[in-house]
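Now for the letters of each chain:
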Amino acid sequence: MKNGGNEKPLTGDFRADGMPLGIREYEKAGGYLALRRAMKEMSPSEVTEEVKASRLRGRGGAGFPTGLKWSFVPTDRKNPGPKYIMANADEMEPGSFKDRILMEHNPHMLIEGMLIAAHAIGAGHGFIFLRMEYWRSARAIERALAEAREKNYMGENILGTGFNVDLHLHTSAGRYMCGEETGLLNAMEGKRAMPRAKPPYPQTSGFMGRPTVVNNVETLCSVPQIIRNGAEWYRGLSVNGSQDGGTKIYGVSGKVKRPGAWELPMGTMAREILEEHAGGMREGHRLRALIPGGASTPFMLEEHLDVRMDFDSVQSVGSRMGTGTMIILDDGTCPVGMLISLQVFYARESCGWCTPCREGLPWVVHALKAIEAGEGRMEDIDLLLEQARLLGPGNTFCGLAPGAAEPLGSGVRYFRDDLERHIREKGCPWKKTKSP
Amino acid sequence: MLSEAEIREIEGEAKPYASRKVACIGALKVVQKHRGWVSDEALRDLADHLGMTPDELDGVATFYSLIYRRPVGRHVILVCDGLSCYNVGYEDLLGYLSKRLGIGFGGTTADGRFTLLPVACIGVCESAPALIIDEDVHGRLEPPEKVEEILKRYE
Ligand SMILES: Cc1cc2nc3c(=O)[nH]c(=O)nc-3n(C[C@H](O)[C@H](O)[C@H](O)COP(=O)(O)O)c2cc1C
Ligand code: SF4
Ligand code: FES
């Protein structure tokens, strides 16, 4: 996080050996200066205003403006009592791996971001909600929390300012639903991670019924640089013409030459990410389609590659940026198998509260598997589209079912020929050529 | 009966929370760490300690996929069945493991060494296909024969 000019404020200070930055190294790179400034020189509403002005939008997938979210938390005068800040580090959506990279390499950046957010909303406590399988992240975070406490960046009377903020690590025990922000709150309270009906929103009634802000890891990691270098600087990091501010960690997985993740200006072209950073497709493979930002975003085709990867632009090609970590479909993989993989995930992870999700998803899996096995009927294709509509927004309590519907609907439309071919040829053409 | 060590760790887990009940997921994980899985008897004892009914606690335990309510082998293999892994060899990897160990998902080898389970994307998609054994992540298992060397480390 060097002064201005550094185009990789999130990842530029990572150690070459892949180990997490210790507190000394983090301080040397300018770490905790933003916390000092926020707590000593800025009022909570000034911090929130700066984040609003930076045009930082939530990196958890939905892109909700972060400063605006914070401003919904009632002040102490209106609602005295405890408030909470939560880091959403559940990261379970297939294809997403950016938050892990941040936590494994620079846990202090997340902690500093949470402390600044706590100051902005008046929270005295916070939790990092971490999925269980991220053991490496857990170790890095535990150590960083102890270091920050020892240096009095966290705890009581932080840096002599009179503010008290305590942060803890909560490790989960599996299930994608825990990442949905109200499911997360139930999980934190020791319950099944079912979502809650909204309103009320967590900002007014969250953890233990108290005002709570839930933010994604990458969102919170972006906060210290905004406070240190200013909103204007942050806005200038994104590609000219992008409505969103800052940099973004983009990722590519699938049959490309160099799968991985890179911090780039928000609004970088999808084609540049795929062809330059990921090195294009592996030898002998062609691009069929891609999912731009985690399993809950609709498919895109090659003709859509010349689009800026930011929240508004990706919508213009009928998809969403989501987490910004793309999954590539190549011509050697059966698209029906890919749809099955996606829908098996959603059916398994459904919490069972809403009928379209509980009943619909297993049916979708069954129908797709029948088509793959050569036992499908042509009518099934339209029934799948009908299911995609029923799973869509407005029919369920949370976003899991709409998340399943997006790649299902777009997938059936884009790969209709392939589905028909499976039905006509009574089996999977890809499997036939593969098996002896 | 819960052991002294278990009780101590459960109290530690509960510290940041308003009550022990709120910390029940951490408490279940403590018991699982010590015993490998959470038996009916352990669940009853733990519920008692936390001030919950056994059914209340079981409702929580059965929601979370990584709390084991049935015995597992000495080592648990969690094979990632996420989409990125699917695209680069998940089926080959699972096929190889099933054949090699003689079990499918949910199964435990006769010698009690391995249990095989699916897991949602484990967030290392750039190293797909991947799996977890105990607390270790192993990636780039293409071709699947590569897993052979790794299995040797888990007796
Ligand atoms: C089923 C489901 C799972 C989700 N999982 C995550 C997750 O793992 N991490 C995350 O940051 N957001 C996840 N979200 C989005 C959160 O509900 C929430 O919008 C987000 O944490 C807000 O953070 P942000 O404003 O900083 O983006 C999920 C949403 C749904 C519907
Ligand atoms: S949409 Fe699915 S996961 Fe979400 S609340 Fe309804 S049943 Fe549960
Ligand atoms: S899909 Fe297997 S690690 Fe992400």
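Source: prediction; values computed, not measured.

This part covers the overall build of chain B. Helices and strands together make up the secondary structure of chain B, namely 7 helices and 4 strands. Starting at the N terminus, the α and β elements of chain B follow one another as α-α-α-α-β-α-α-β-β-β-α. Projecting the C-alpha coordinates of chain B onto the three principal axes gives extents of approximately 50 × 30 × 25 Å. Restricting to contacts in chain B with at least 6 residues of sequence separation, those with at least 24 account for 59%. With an accessible surface of roughly 6,900 Å², chain B has 50% of that area assigned to carbon and sulfur atoms. Separation between the mean location of the 18 positive side-chain charges and that of the 25 negative ones in chain B comes to 2 Å.

For the rest of this paragraph, the subject is the sheet that holds strand 3 (residues 131-133) of chain B. All names here are of chain B. Strand order in this open sheet of 4 strands is 2-1-3-4, and the pairing throughout is mixed. Bordering the open sheet on either side are strand 2 (114-119) and strand 4 (136-138), each of which pairs with just one other strand. With strand direction ignored, the average angle separating the axes of adjacent strands in the sheet is 25 degrees. Sheet analysis places strand 3 next to strand 4, joined by 3 bridges and oriented antiparallel. Residue pairing across strands places Leu131 opposite His138, the latter belonging to strand 4. Its contacts with the sheet place helix 6 (residues 90-101) against strand 1 (75-80), strand 2 and strand 3, and it is angled at close to 155 degrees to strand 1.

Residues and elements named next belong to chain A. Around ligand 1 lies a shell of 18 residues, among which Gly60, Lys69, Glu91, Asn216 and Thr219 are the nearest. Contact between ligand 1 and Gly179: a nitrogen atom at 3.3 Å from a main-chain N or O atom of the residue. Residue Asn215 places a side-chain N or O atom 2.9 Å away from an oxygen atom belonging to ligand 1. Contact with the protein chains removes 87% of the 620 Å² of surface that ligand 1 exposes when unbound. Looking at which element gives the most residues to the shell around ligand 1, the answer is strand 4 (residues 212-216), with 3 residues. A class-by-class count of the residues in the shell around ligand 1 yields 4 nonpolar, 8 polar and 6 charged.

Attention shifts here to the confidence of the model for chain A. Chain-level statistics for chain A give a pLDDT mean of 95 and a share of 98% at 70 or above. Scored below 50 in pLDDT, residues 1-6 of chain A makes 22 contacts in the model with residues more than four places away or belonging to other chains.

This brings us to the sheet that holds strand 5 (residues 247-253) of chain A. Residue and element names in this part refer to chain A. Spatial strand order, 6-5-8-7: 4 strands in an open sheet with mixed pairing. For this open sheet the edge positions go to strand 6 (260-265) and strand 7 (287-291), each flanked by a neighbour on one side alone. If you compare each strand with its neighbour and ignore which way they point, the axes differ by 25 degrees on average. Across 4 bridges, the pairing between strand 7 and strand 8 (residues 325-330) is antiparallel. Among the inter-strand pairings, Leu287 is bridged to a residue of strand 8, identified as Asp330.

Below, the discussion takes up the pairing of strand 1 (residues 84-89) of chain A. Residues and elements named next belong to chain A. Counting buried positions along strand 1 yields 6 of 6 residues, so the element is predominantly enclosed. Going residue by residue along strand 1, you find Tyr84, Met86 and Asn88 tucked away on one face and Ile85, Ala87 and Ala89 tucked away on the opposite face as well. Here strand 1 pairs with strand 2 (residues 125-130) via 6 bridges, running parallel. Among the inter-strand pairings, Met86 is bridged to a residue of strand 2, identified as Phe127. Note that strand 1 and strand 4 share 5 bridges and pair parallel. Paired with Met86 across the strands is Val214, a residue of strand 4.

Before going further, it helps to spend a moment on the packing of aromatic side chains. Across all of its chains, the model carries 12 aromatic pairs over all chains by this definition. Note on Tyr84 of chain A and Phe207 of chain A: the rings are 4.8 Å apart at their centroids and 90 degrees apart in plane angle, and the pair reads as edge-to-face. With Tyr84 of chain A in strand 1 and Phe207 of chain A in the loop between helix 8 (181-188) and strand 4, this pair connects stretches of sequence that are 123 residues apart. Assigned by exposure class, Tyr84 of chain A and Phe207 of chain A land together as buried. When the centroid spacing of 6.2 Å and the interplanar angle of 70 degrees are considered together, the rings of Tyr176 of chain A and Tyr346 of chain A count as edge-to-face. A residue pair is termed long-range when its members are at least 10 positions apart, and Tyr176 of chain A in the loop between strand 3 (166-171) and helix 8 and Tyr346 of chain A in helix 14 (residues 335-349) qualify at 170 residues. For the pair Tyr176 of chain A and Tyr346 of chain A, one class covers both residues: buried. Here the aromatic cluster, defined as three or more aromatic residues joined through ring pairs, consists of Tyr84, Phe127 and Phe207 of chain A together with Tyr17 of chain B. Residue placement shows Lys248 of chain A over the ring face of Tyr250 of chain A; its charged tip is 5.9 Å from the ring centre.

What follows covers the nonpolar core. Residues Ile85 of chain A together with Tyr64, Ile77 and Leu97 of chain B are the most contacted members of the largest nonpolar core, which totals 177 residues. The greatest single-element share of this core, amounting to 10 residues, is contributed by helix 6 (residues 107-121) of chain A. Other than its neighbours up to four places away in sequence, Tyr64 of chain B contacts Ser172, Ala173, Gly174, Arg175, Cys178, Ala187, Lys191, Arg192 and Ala193 of chain A together with Ile25 of chain B. Within the second largest apolar cluster, 23 residues are counted, among which are Ala270, Ile273, Leu274 and Met300 of chain A.

Bringing the domain arrangement of chain A into the picture now. Residue and element names in this part refer to chain A. Domain boundaries in chain A define domain 1 (23-236), domain 2 (247-330) and domain 3 (335-429). For domain 1 versus domain 2, the distance between C-alpha centres works out to 27 Å. Residue-level contacts link 17 residues of domain 1 with 19 residues of domain 2. Interface area, domain 1 with domain 2, both sides summed: about 1,400 Å², of which 58% is carbon and sulfur. Interface area lost by domain 1 to domain 2 is led by Arg59, Phe97 and Lys98, which between them contribute 32%. Inspection of the domain 1/domain 2 interface yields 2 salt bridges. A salt bridge links Glu218 to Lys248; its shortest N-O distance comes to 2.8 Å. Joining domain 1 to domain 2, the criterion identifies 9 residue pairs in polar contact (both at pLDDT 80 or more). Sort the elements by how many residues they give to the side of domain 1 that touches domain 2 and helix 5 (residues 98-105) lands first, with 3 residues.

All right, on to the interface of chain A and chain B then. It is common to report an interface's size as the accessible area lost on association of the parts. Across the boundary between the two partners, chain A contributes 55 residues, which contact 38 residues of chain B. Both sides together, the interface formed by chain A and chain B hides about 3,700 Å², and carbon and sulfur atoms give 58% of it. Sorting the residues of chain A by area buried against chain B places Trp135, Ala173 and Arg192 of chain A first, and these three jointly supply 16% of that buried surface. Between Glu91 of chain B and Lys431 of chain A there is a salt bridge whose closest N-O contact spans 3.8 Å. The interface formed by chain A and chain B contains 20 residue pairs in polar contact (both at pLDDT 80 or more).

Criteria and thresholds
Residues numbered from 1 in each chain as written. Chains lettered and ligands numbered in written order. Predicted model: local features only at pLDDT ≥ 70, side-chain atom pairs only at ≥ 80, totals over all residues. Heavy atoms only, no water. Helix = DSSP H or I, 4+ residues; strand = E, 2+ residues; numbered from the N terminus. Contact = heavy atoms within 4.5 Å. Areas by Shrake-Rupley, 256 points an atom, 1.4 Å probe, with all protein chains shown as cover. Lys, Arg positive; Asp, Glu negative; His and termini not counted. Charge placed at Lys NZ, Arg CZ, Asp CG, Glu CD. Pairing = 2+ DSSP bridges. Axes fitted to C-alpha atoms, helices over the stretch in contact; angles between N-to-C directions. Near = heavy atom within 4 Å. Polar contact = N/O pair within 3.5 Å; in protein donor to acceptor, adjacent residues only side chain to side chain. Nonpolar A, V, L, I, M, F, W, Y, C, P; charged D, E, K, R; others polar. pLDDT = per-residue confidence, 0-100. Buried < 20%, exposed > 50% of the residue type's maximum accessible area, 1.4 Å probe, protein only. Phe/Tyr/Trp six-rings, centres within 6.5 Å; stacked < 30°, edge-to-face > 60°. Lys NZ or Arg CZ within 6 Å of the ring centre and 35° of its normal. Core = buried A, V, L, I, M, F, W, Y, C linked by side-chain atoms within 4.5 Å. Domains from an automatic or database assignment. Buried area = accessible area lost by both parts, 1.4 Å probe. Salt bridge = Lys/Arg side-chain N within 4 Å of Asp/Glu carboxyl O.

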